[in-house]
Amino acid sequence: MNDMTQLSEFQMDSLKELGNIGSAHAATSLSMMVGQDIDMRVPEIEIAPLEAISSLINPDERVVGIYFQLIDGDSNSDGHIYLLFPEQSAYSISDMLMCQEKGTTKEITDLEKSALMEVGNVLISSFGDASAELLGITMLPSTPTYRYDMARSLIDEIVTDLSKTTKNAILFKTALTNETNNVNGYLLLLPEPQTLENMLTLLGAKVNG
């Protein structure tokens, strides 16, 4: 299925359920990591052709990007995930993880970079757990790659690298909060065409079964 506008209301609701299950897993894991209550929600999902990603994300802001390839149980590529945090949100996450006062971080250190990548591992592993729980499929994340650049540069790189195999993008807009921080970010799912087809088939079977 190349036309994402053909998604049914049931399939969209199930994609939202996938995001909510993943965010619940992630909130629990992150709360244990930092020793404080963290709430995570996926308030909005956007779907668009790959070349239209720039309409979903402000291309003129600087972002931290954490990239993963998704592998299925047979070591085949299922697609790609990019976590994108606007610069100020990345600073807030660093403050939260390093138990620093809000606004302390002005530049991402190597230690904070490692912490952000660990957050990426937690979030993407949670997404994989949600996929297994909701759909019964296995998607394992690769070792993460860290990027820090203008959103436009990262988006152009995605389109150039993946346009031959990936046609559609699913964007989960995330909101992560604790007592002092409110962090917004994006989880950009770039499934292989067959993976997307399988997901939508399973989503349709779930909501109609």
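Now for a look at the structure at hand. (Residues numbered from 1 in each chain as written. Predicted model: local features only at pLDDT ≥ 70, side-chain atom pairs only at ≥ 80, totals over all residues. Heavy atoms only, no water.)

## Observations regarding the overall build of the protein chain
Right, so step 1: Summing up its helical and strand segments, the protein chain has five helices and seven strands in all.
Right, so step 2: In sequence order, the protein chain lays out its α and β elements as α-β-β-β-α-α-β-β-α-β-β-α.
Right, so step 3: A total of 209 residues make up the protein chain; the buried ones form 49% of that total.
Right, so step 4: The long-range share in the protein chain, meaning contacts at least 24 apart out of those at least 6 apart in sequence, stands at 71%.
Right, so step 5: A total accessible area of about 9,900 Å² is found for the protein chain, and carbon and sulfur atoms account for 47% of it. (Helix = DSSP H or I, 4+ residues; strand = E, 2+ residues; numbered from the N terminus. Buried < 20%, exposed > 50% of the residue type's maximum accessible area, 1.4 Å probe, protein only. Contact = heavy atoms within 4.5 Å. Areas by Shrake-Rupley, 256 points an atom, 1.4 Å probe, with all protein chains shown as cover.)

## Details of the pattern of salt bridges
Here the idea is simple: oppositely charged side chains can pair when their charged atoms come close.
Right, so step 1: For the coordinates displayed, the defined rule picks out five salt bridges.
Right, so step 2: Residues E44 and K173 are paired through a salt bridge, measuring 3.8 Å at the closest nitrogen-oxygen approach. Taken as a pair, E44 in strand 1 (residues 39–49) and K173 in strand 6 (residues 168–177) lie far apart in primary sequence, 129 residues in all.
Right, so step 3: The class for E44 is partly exposed, based on a relative accessible area of 34%.
Right, so step 4: Between R147 and E157 there is a salt bridge, with the nearest N and O atoms lying 2.7 Å from each other. Here R147, found in strand 5 (residues 145–150), pairs with E157, found in helix 4 (residues 151–162); they are 10 residues apart in sequence, far enough to count as distant.
Right, so step 5: One continuous salt-bridge network, built from bridges that share partners, spans R147, D149 and E157. (Salt bridge = Lys/Arg side-chain N within 4 Å of Asp/Glu carboxyl O.)

## Let's talk about the packing of helix 2 (residues 87–97) against helix 3 (residues 110–135)
Right, so step 1: Interhelical geometry of helix 2 versus helix 3 gives an angle of 95° and a closest axis separation of 10 Å. Between helix 2 and helix 3, the angle falls in the class roughly perpendicular. Contacts between helix 2 and helix 3 pair A90, I93, S94 and L97 from the former with E112, A115, L116 and V119 from the latter.
Right, so step 2: In terms of residue class, the contact of helix 2 with helix 3 is made up of six nonpolar, one polar and one charged. (Axes fitted to C-alpha atoms, helices over the stretch in contact; angles between N-to-C directions. Parallel < 35°, antiparallel > 145°, perpendicular 65-115°, else oblique. Nonpolar A, V, L, I, M, F, W, Y, C, P; charged D, E, K, R; others polar.)

## Description of the nonpolar core
Right, so step 1: Membership of the largest hydrophobic core comes to 48 residues, with the highest contact counts inside it found for L15, L83, L116, L123, F172 and L189.
Right, so step 2: When residues in this core are grouped by element, the largest group, 11 residues, is from helix 3.
Right, so step 3: When residues no more than four places from it in sequence are discounted, the contact partners of F172 are L15, G19, V42, E44, I45, F127, G185, Y186, L187 and L189.
Right, so step 4: Core analysis: the second largest hydrophobic core is formed by 18 residues, L84, A151, L162 and Y186 among them. (Core = buried A, V, L, I, M, F, W, Y, C linked by side-chain atoms within 4.5 Å.)

Treat this as a map of the structure, not an account of what it does.
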